[in-house]
Every structure is written in C-alpha cells, then in structure tokens.
Amino acid sequence: MVEFAGWSMPVQYKDSHIASHLHTRQHCSIFDVSHMLQSKVHGKDRVKFIESLIVGDVAELKDNQGTLSLFTNEKGGIMDDLIVTKTSLGYLYVVSNAGCADKDSAHMQAKLKQFKAAGHDAELEFLDYSLIALQGPEMARVLQAGVSDDLRKLTFMTSTMATVFGIAECRVTRCGYTGEDGVEISVPSQHAVQLTETLLKDSAVKMSGLGARDSLRLEAGLCLYGNDIDEGTTPVEASLVWTIGKRRRKALDFPGASVVVQQIKEKTRRKRVGLVSTGPPVRQHTPILSPEGRVIGEVTSGCPSPCLKQNVAMGYVEAEFSKLGTPIKVEVRKKVVDAVVSKMPFFPTRYYSGK
C-alpha cells in the first residue's frame with residue numbers, strides 16, 4: 001500500500017504488476033478508483049457554467065455523451081483533466097482527479113459563486129459515491145450478465161443509469177484509463193464491496209493496483225496529471241489541442257484562450273512526444289538529449305512496456321525535435337542511450353465504437 005492523493009492505495013494485489021497488466025489486456029481487471037472526485041452540475045445554465053471553466057464544447061454533446069476536457073487558468077495552464085458527461089436527466093456528471101480534488105472543488109465553488117452573483121442559474125453537488133473501473137476485452141461479457149440494457153448500444157464515452165447485479169442507481173460510463181474497452185461504474189458506496197465481490201465471481205476478473213494502472217495508461221499514451229501535464233503546461237504543448245472545441249477557439253471564451261489560440265497559430269517551443277528507447281528503462285526527470293548531446297527536454301513518465309517488451313516513455317522536447325522518427329538520446333544513470341520519437345499510443349487502443 002502507498003499514499004496516493006491522501007488515500008491509501010494498493011500498488012498491486014496478489015499478482016505481480018506485470019501479471020496484472022497482462023491480465024487486463026487479455027481478460028479484465030477491477031480498479032478501485034473511488035478516490036476520484038465525482039460531481040454533478042445542475043441548473044438551466046449548467047452548460048454555460050462548466051464551459052466557463054474548461055476548453056471543451058459541452059453544448060454540442062448529445063444526451064448521455066461525454067468528453068475529455070481540461071480546466072485551464074488565465075495563462076492557459078492545465079489545472080486538471082476531467083470527463084464531463086451531458087446526461088439526459090438535467091445535470092452534467094463530472095469526474096476529475098483525486099490529486100486535484102481539493103483544488104478542483106474550491107475552484108468550482110469560487111467560480112460558481114461569481115457565476116450566480118451575475119444572475120445565472122447553476123448548482124454544484126459533490127457525490128459520495130464509489131467508482132469501480134472494469135477494464136479489458138472480457139468486460140462486456142462479464143457486465144452484461146448483471147444489466148438489462150444491451151451493452152452493444154453503449155459506445156465509448158457514453159453513459160447510462162442502470163441497476164447493476166441488483167444494485168440500483170448506478171451510472172455506467174464506457175471509458176477508462178487503460179486503452180482497453182471498459183466501463184467506470186459509479187455505485188452507492190454502501191454497495192461497492194458487494195458489486196466488487198460479485199464481479200470477482202467470474203474467473204476472468206481480477207483486482208489490479210496502481211502499478212498496472214500506470215503502465216497500462218502509458219502504453220495507451222494517456223497523460224497523468226502532475227507528471228505529464230500541470231499548470232505550467234498548455235494544451236498545445238501537451239499535444240491536447242483536440243480537446244479544445246472549434247467553437248470555443250473561435251469565441252475565445254475559455255480561461256487562457258488568448259494564450260492558447262495564439263500558440264495554436266504560432267506553434268510552441270516545446271511539445272509532448274512519445275519515446276521508445278533501448279537499454280535500461282527511462283523514468284520521470286530523465287534528461288532528453290539531441291544527437292549531439294545537448295539537453296533538449298525531460299521525460300515525464302516512463303516504464304518498460306510489458307506488452308511490447310521495450311522501453312516506452314513520454315516527455316517534452318524542443319519543438320524542432322518533435323517529428324515522428326526523430327533520433328534522440330536519453331541519459332539514464334549517467335549513461336547515454338539511443339531513443340526515437342514515436343507515435344502514441346504505443347499499444348493499439350481498443351475502445352468500443354459499436355462496430
């Protein structure tokens with residue numbers, strides 16, 4: 001067990017980190033992510049309120065569709081990443097990171113006070129629910145046994161309310177942090193253990209901890225807040241421009257829009273890239289070097305890939321070195337080894353599109 005964002009979390013369960021990683025890719029695993037901050041935004045101006053804080057176009061979402069977005073500050077820095085779902089029940093469902101829970105909740109409440117003072121109608125509700133992620137290619141088969149809705153109709157980044165294995169008032173969202181087909185189930189906390197034990201009755205399901213969660217998300221090219229993105233990083237530098245709605249770019253109506261849109265037009269000095277390297281694995285803060293040995297950036301996340309049997313990493317480099325296929329070097333324990341700028345995700349994602 002380790003301390004993580006104020007919670008005591010398992011790095012691994014009975015199986016090793018590598019075994020859990022591979023089990024998730026081949027079968028399916030449960031990740032207890034109840035430490036995440038879950039909230040609802042109510043009121044007739046709820047979309048206007050959330051859009052005053054983030055870069056995404058929530059207004060264009062269909063009912064029960066979600067999007068990955070970013071809280072930004074006035075300098076265009078990323079305060080956190082989050083998923084916003086526009087439900088058909090008259091509220092927005094928001095999930096953001098545990099490590100930013102205090103900051104996010106204070107930020108949302110302060111902005112809500114200003115928003116309401118200006119005469120707008122919105123309310124915040126923070127949920128005391130647990131969040132159970134079931135991830136992997138056997139997820140649909142396992143979960144279908146416990147829900148009446150046809151999961152083939154629930155595509156990636158869509159959400160529904162359901163009774164799950166007899167537990168009412170669960171929200172099932174088809175998403176996750178592994179690159180696999182999966183769901184996150186928001187469940188009343190008093191029933192979280194019951195749901196977990198029921199899922200574990202299927203032989204394909206095992207518990208998995210933080211170690212596998214980190215290597216799975218890295219193979220999938222997904223950012224970890226605090227490592228790969230932070231308030232000193234803009235969406236353009238982080239290669240997350242796709243999260244910014246076109247309407248929002250044009251209207252310049254999200255925090256830091258003038259800085260971010262200028263960067264889109266003029267490019268940035270540095271970019272987040274994927275790296276594949278030889279030799280010993282690279283870790284956070286490993287220096288990235290030009291072929292001539294000049295420091296051009298730093299690794300933000302790295303590990304040996306259990307699936308690819310090679311070292312994968314992401315980090316920031318000077319923009320001129322960000323083109324795919326560019327040969328560079330990394331300095332690992334004072335030894336310089338070869339690396340190449342590589343496409344992310346490193347391992348193919350298998351999100352369910354309905355096809």
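None of these values were measured; they are calculated from a predicted model.

Student: Describe the environment of Lys153, with residues and values.
Tutor: By secondary structure assignment, the location of Lys153 is in the loop between α4 (139–144) and β10 (159–164). Separated by 110 residues in sequence, Lys153 and Gly43 place their C-alpha atoms 28 Å apart.

Student: Any chance you could break down the sheet that holds strand β3 (residues 28–32) for me, citing the residues and the numbers?
Tutor: In any sheet, the strands associate via hydrogen bonds between backbone groups, in a parallel or an antiparallel arrangement. Pairing in this open sheet of six strands is mixed, and the strands run β10-β11-β12-β9-β3-β13 from one edge to the other. Sheet topology places β10 and β13 (205–207) at the edges, where each strand pairs with a single neighbour. On average, each strand axis in the sheet is tilted by 30° relative to the strand beside it, whichever way the strands run.

Student: An account of the packing of aromatic side chains is needed here, citing residue identities and associated values.
Tutor: If you walk through the whole model with that rule in mind, you get two aromatic pairs. For the ring pair Phe156 and Tyr351, a centre distance of 4.2 Å and an interplane angle of 10° mean the geometry is stacked. Pair noted here: Phe156 is in the loop between α4 and β10 and Tyr351 is in the segment after β19 (335–342), with a separation of 195 residues, a long-range link. Judged by its relative accessible area of 32%, Phe156 falls in the partly exposed class. A residue is classified by how much of its surface remains accessible, and Tyr351, at 27% relative accessible area, is partly exposed. Just above the ring of Tyr91 sits the side chain of Lys40; from NZ or CZ to the centre is 4.3 Å.

Student: Give a description of unusual backbone geometry that names residues and reports values.
Tutor: In the segment running from Met344 into Pro345, the intervening peptide bond is cis, with an omega of 5°. Counting through the fold element by element, Pro345 comes out in the segment after β19. Positive phi, normally seen in glycine, also occurs at Met157, with a value near 70°. With respect to the element layout, Met157 can be found in the loop between α4 and β10. Residue Lys267 is not a glycine yet carries a positive backbone phi of 70°.

Student: With reference to specific residues and values, describe the sheet that holds strand β4 (residues 37–42).
Tutor: With antiparallel pairing, five strands are arranged side by side in an open sheet as β5-β6-β7-β4-β8. Both outer strands of the open sheet, β5 (65–72) and β8 (123–126), are each paired with one neighbouring strand and no more. Ignoring which end each strand starts from, the neighbouring axes of this sheet average 25° apart. Here four bridges tie β4 to β8, and the two strands are oriented antiparallel to one another. Note that in β8 the partner of Val41 across the bridge is Leu124. Docked against the sheet, helix α3 (residues 101–117) engages β4, β5, β6 (78–86), β7 (92–96) and β8, running at close to 160° with respect to β8.

Student: Provide a residue-level description of the side chain of Arg272, including the pertinent values.
Tutor: With respect to the helices and strands, Arg272 occurs in strand β14 (residues 270–277). No salt bridge is formed by the buried Arg272; its nearest oppositely charged neighbour, Asp228, is found at 6.4 Å. A distance of 2.7 Å separates the side chain of Arg272 from the backbone oxygen of Ala238, its partner in a polar contact. Excluding residues that lie within four positions of it along the chain, Arg272 makes contacts with Gly221, Cys223, Asp228, Glu237, Ala238, Ser239, Leu240, Met314, Gly315, Tyr316 and Met344.

Student: A description of a nonpolar patch on the surface should follow, citing residues and the corresponding values.
Tutor: Nonpolar side chains collect at one region of the surface, where Val2, Phe4 and Val11 lie side by side and expose about 190 Å² of accessible area between them. With respect to the element layout, Val2 can be found in strand β1 (residues 2–4). Residue Val2 is classed as partly exposed on the basis of its relative accessible area, which comes to 34%.

Conventions adopted
Residues numbered from 1 in each chain as written. Predicted model: local features only at pLDDT ≥ 70, side-chain atom pairs only at ≥ 80, totals over all residues. Heavy atoms only, no water. Helix = DSSP H or I, 4+ residues; strand = E, 2+ residues; numbered from the N terminus. Pairing = 2+ DSSP bridges. Axes fitted to C-alpha atoms, helices over the stretch in contact; angles between N-to-C directions. Phe/Tyr/Trp six-rings, centres within 6.5 Å; stacked < 30°, edge-to-face > 60°. Buried < 20%, exposed > 50% of the residue type's maximum accessible area, 1.4 Å probe, protein only. Lys NZ or Arg CZ within 6 Å of the ring centre and 35° of its normal. Contact = heavy atoms within 4.5 Å. Lys, Arg positive; Asp, Glu negative; His and termini not counted. Salt bridge = Lys/Arg side-chain N within 4 Å of Asp/Glu carboxyl O. Polar contact = N/O pair within 3.5 Å; in protein donor to acceptor, adjacent residues only side chain to side chain. Patch = residues over 30% accessible without salt bridge, like charges linked within 9 Å, V, L, I, M, F, W, Y side chains within 5 Å. Areas by Shrake-Rupley, 256 points an atom, 1.4 Å probe, with all protein chains shown as cover.

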